[in-house]
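Inside the fold
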Amino acid sequence: MYTLNKIKLFSFLLVFISVSSVLAQSNNKFKVVLDAGHGGKDLGANYYGFLEKNIALAVVLKVGKQLEKHSDIQVIYTRKTDVFVELIERARIANRANANMFLSIHCNAAPKGQAYGTETFVMGLTKNASNLEVAKKENAVITLESDYKMKYEGYDPKSPESVIGITLLQEEYLDQSITIATKIQNEYTNKLERKNRGVKQGPFLVLNQTAMPSVLTELGFLSYKPEGAYLNSEKGQDELAKGIADAILSYKKEYYGSTLQVIEEKPEKTSAEIPDVPETPSPKVESKVVENKYQEVKGVVFKVQISASGTKLELLPKNFKGLNSISMIAENSLYKYYYGESSNYDTAKQNLAEAKSKGYDSAFIVAFKNGKKISIQEALKL
């Protein structure tokens with residue numbers, strides 16, 4: 001028989017577990033790691049008195065300020081002051097935080113001083129000489145580290161292609177990384193009317209070490225004086241930061257659901273004007289319990305994307321950790337693999353849970369209408 005003290009202890013434990021569970025759920029946030037390139041003894045590009053390390057930091061802090069207005073977003077900085085941070089430590093900060101995405105912000109430069117425009121990189125193979133040159137420049141910071149030959153064993157600073165031996169660490173997140181990079185470039189191009197040099201791949205050490213969707217953006221060329229002056233100005237930094245923040249919010253909304261609450265400093269359009277749509281389950285953020293059940297959505301098919309790769313695989317269970325009902329879509333140079341297919345969103349969530357239980361931690365739900373990908377929010381409105 002239970003004694004009175006045991007009953008009291010048991011009741012206390014139940015209350016403690018319940019409260020802990022609520023607190024744990026309340027701490028679920030979309031985690032963004034913002035990395036200001038260079039810093040401290042590493043100046044980065046330096047033209048006409050425009051210092052890359054200062055501009056990158058200023059923009060990062062402004063992006064962070066925009067994102068921190070949203071109560072369900074947590075911003076982690078690799079640096080908030082003018083300090084030197086090793087490349088490998090920047091990635092470790094992101095990995096320790098179990099972040100949902102990593103963004104490294106830089107400024108470009110070219111010897112002749114005539115190149116200008118924005119470009120955003122994801123990790124990957126490339127034979128393009130200009131892409132390799134950008135990677136070589138950004139990776140060269142490791143030579144300022146005392147024991148870089150041990151930390152980056154096998155990497156040759158003069159040959160950025162030597163990173164490729166461990167490129168597969170980022171391949172799992174390539175599709176999402178490209179989505180983020182594209183959204184950033186669209187903001188630069190469509191809203192700010194900056195020259196679009198495109199989304200590209202390159203062997204960047206800082207991207208290669210992260211275990212989440214990761215991109216590196218070049219805000220423009222400091223070596224082109226008119227663009228350098230823009231990047232060095234308060235106006236330019238504000239505009240670029242707003243564009244980057246909007247791109248991140250767009251990505252979050254598409255893959256993880258709408259922002260719950262916006263903390264406004266002055267009257268602006270708030271998330272209260274955005275339809276309240278339950279969050280799509282994510283690799284890093286536990287979803288809240290949804291009370292209402294979804295019915296079938298006519299004309300819409302929900303699938304679970306489990307991976308995206310440059311390798312074409314036979315659609316056999318042995319190649320996908322025992323999962324059946326695998327489909328594949330070839331898009332550009334990527335093969336995207338999906339598990340399950342249903343017009344019911346709840347069934348899709350069950351499929352997502354099963355995919356994660358098999359080890360596909362970065363899996364997410366994708367909606368298709370008439371064979372064309374649409375956002376989860378758009379699908380649920382139907």
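Source: prediction; values computed, not measured. Residues take numbers from 1 onward in each chain, read along the sequence in its written order. Only residues with pLDDT of 70 or above have their local features reported here, since the model is predicted, and side-chain atom pairs are shown and tallied only from 80 upward, although totals for entire chains, interfaces and linings are computed over all residues. Calculation of side-chain values draws on the structure's entire complement of heavy atoms; hydrogens and water are dropped beforehand.

Next up on the list: the overall build of the protein chain. Numbering of helices and strands runs from the N terminus, with a helix taken as a DSSP run of H or I at least four residues long and a strand as a DSSP run of E at least two residues long. A count of helical and extended segments in the protein chain gives 12 helices and 13 strands. When the 382 residues of the protein chain are sorted by exposure, 49% land in the buried category. Any two residues having at least one pair of non-hydrogen atoms within 4.5 Å are treated as being in contact. Relative to all contacts within the protein chain whose residues are 6 or more apart in sequence, the contacts with residues 24 or more apart total 77%. Method for areas: the Shrake-Rupley scheme with a 1.4 Å probe, in which residue coverage is limited to the protein chains shown. Carbon and sulfur atoms make up 53% of the accessible area of the protein chain, which totals about 18,900 Å². The buried label goes to any residue with under 20% of its type's maximum accessible area, the exposed label to any with over 50%, and the partly exposed label to all in between, with areas taken from a 1.4 Å probe on protein chains only.

Attention shifts here to the packing of aromatic side chains. Each Phe, Tyr or Trp ring (for Trp, its six-membered ring) is paired with any other whose centre lies within 6.5 Å, and the angle between the two planes then decides the class: stacked below 30 degrees, edge-to-face above 60, tilted in between. If you walk through the whole model with that rule in mind, you get 10 aromatic pairs. Consider the rings of Y338 and F368, whose centres lie 5.6 Å apart with planes at 80°: the pair is edge-to-face. With Y338 in strand 11 (residues 334-342) and F368 in strand 12 (residues 364-369), this residue pair connects regions lying 30 residues apart in the sequence. Under the relative-accessibility criterion, F368 is labelled buried at 9%. By the ring-pair criterion, three or more aromatic residues cluster together here, those being F30, Y251, Y255 and F364. Above the ring of F368, the side-chain terminus of K303 is found at 5.5 Å from the ring centroid. Lying over the aromatic face of Y360, K321 brings its terminal NZ or CZ to 4.4 Å of the ring centre. A ring is scored as having a charge over it whenever the NZ atom of a lysine or the CZ atom of an arginine sits within 6 Å of its centre and within 35 degrees of its normal.

To continue, consider the sheet that holds strand 9 (residues 300-309). Here, any two strands with at least 2 DSSP bridges between them count as paired. Pairing in this open sheet of 5 strands is antiparallel, and the strands run 10-11-9-12-13 from one edge to the other. The sheet is open, and its two edges are formed by strand 10 (326-331) and strand 13 (372-374), each paired on a single side. For this sheet the average axis-to-axis angle between neighbouring strands, irrespective of direction, equals 45°. Helix axes use the C-alpha atoms of the stretch in contact, all axes being lines fitted to C-alpha atoms, and the angles between their N-to-C directions lie in the range 0 to 180 degrees.

For the rest of this paragraph, the subject is the sheet that holds strand 1 (residues 30-36). The strand order across the open sheet formed by 6 strands is 4-1-5-8-6-7, and the pairing between neighbours is mixed. For this open sheet the edge positions go to strand 4 (73-77) and strand 7 (196-202), each flanked by a neighbour on one side alone. Strand after strand, the sheet turns through a mean of 20° between neighbouring axes, direction not considered. Relative to strand 4, strand 1 is paired through 5 bridges, and the arrangement is parallel. Considered in strand 4, the bridge of F30 is made with I73. Lying over the sheet, helix 2 (residues 52-67) contacts strand 1, strand 4, strand 5 (101-108) and strand 8 (214-221), oriented at roughly 165° with respect to strand 1. Contacts between helix 3 (residues 87-96) and the sheet are confined to strand 1, strand 4 and strand 5, with strand 1 contributing the most and set at about 170° to the helix.

Moving on, we come to the confidence of the model for the protein chain. Looking at any residue, its pLDDT shows the predictor's confidence there, from 0 to 100. For the protein chain, per-residue confidence averages 80 on the pLDDT scale, and 79% of positions sit at 70 or higher. For the protein chain, helix 1 (residues 4-26) is the element with the lowest average pLDDT, namely 39, and helix 2 is the one with the highest, namely 98. Here residues 1-26 is a poorly scored stretch, pLDDT under 50, and it has 1 contact once near neighbours within four places are set aside; other chains count. Low confidence marks residues 264-292, where pLDDT is under 50. Its contacts with residues over four positions away, or in another chain, come to 61 contacts.

Turning to the packing of helix 9 (residues 225-232) against helix 10 (residues 234-256), a few remarks are in order. Look at helix 9 against helix 10: their axes get within 4 Å of each other, and the N-to-C directions meet at 75°. With respect to their mutual orientation, helix 9 and helix 10 come out roughly perpendicular. Packed against helix 9, whose contacting residues are Y230, L231 and N232, the element helix 10 presents E234, G236, Q237, E239 and L240 at the interface. Should an angle fall under 35 degrees it is taken as roughly parallel, and over 145 as roughly antiparallel, whereas 65 to 115 is taken as roughly perpendicular and any remaining angle as oblique.

Time to look at the environment of T78. Following the sequence through the fold, T78 ends up in the loop between strand 4 and helix 3. On the basis of relative accessibility, which here comes to 8%, the residue T78 falls in the buried class. Each C-alpha atom, one on T78 and one on I93, is 6.6 Å from the other, the two residues being 15 residues apart in sequence. Not counting the four nearest positions on each side in its chain, T78 is found in contact with V33, L34, D35, A36, V85, R90, I93 and F102.

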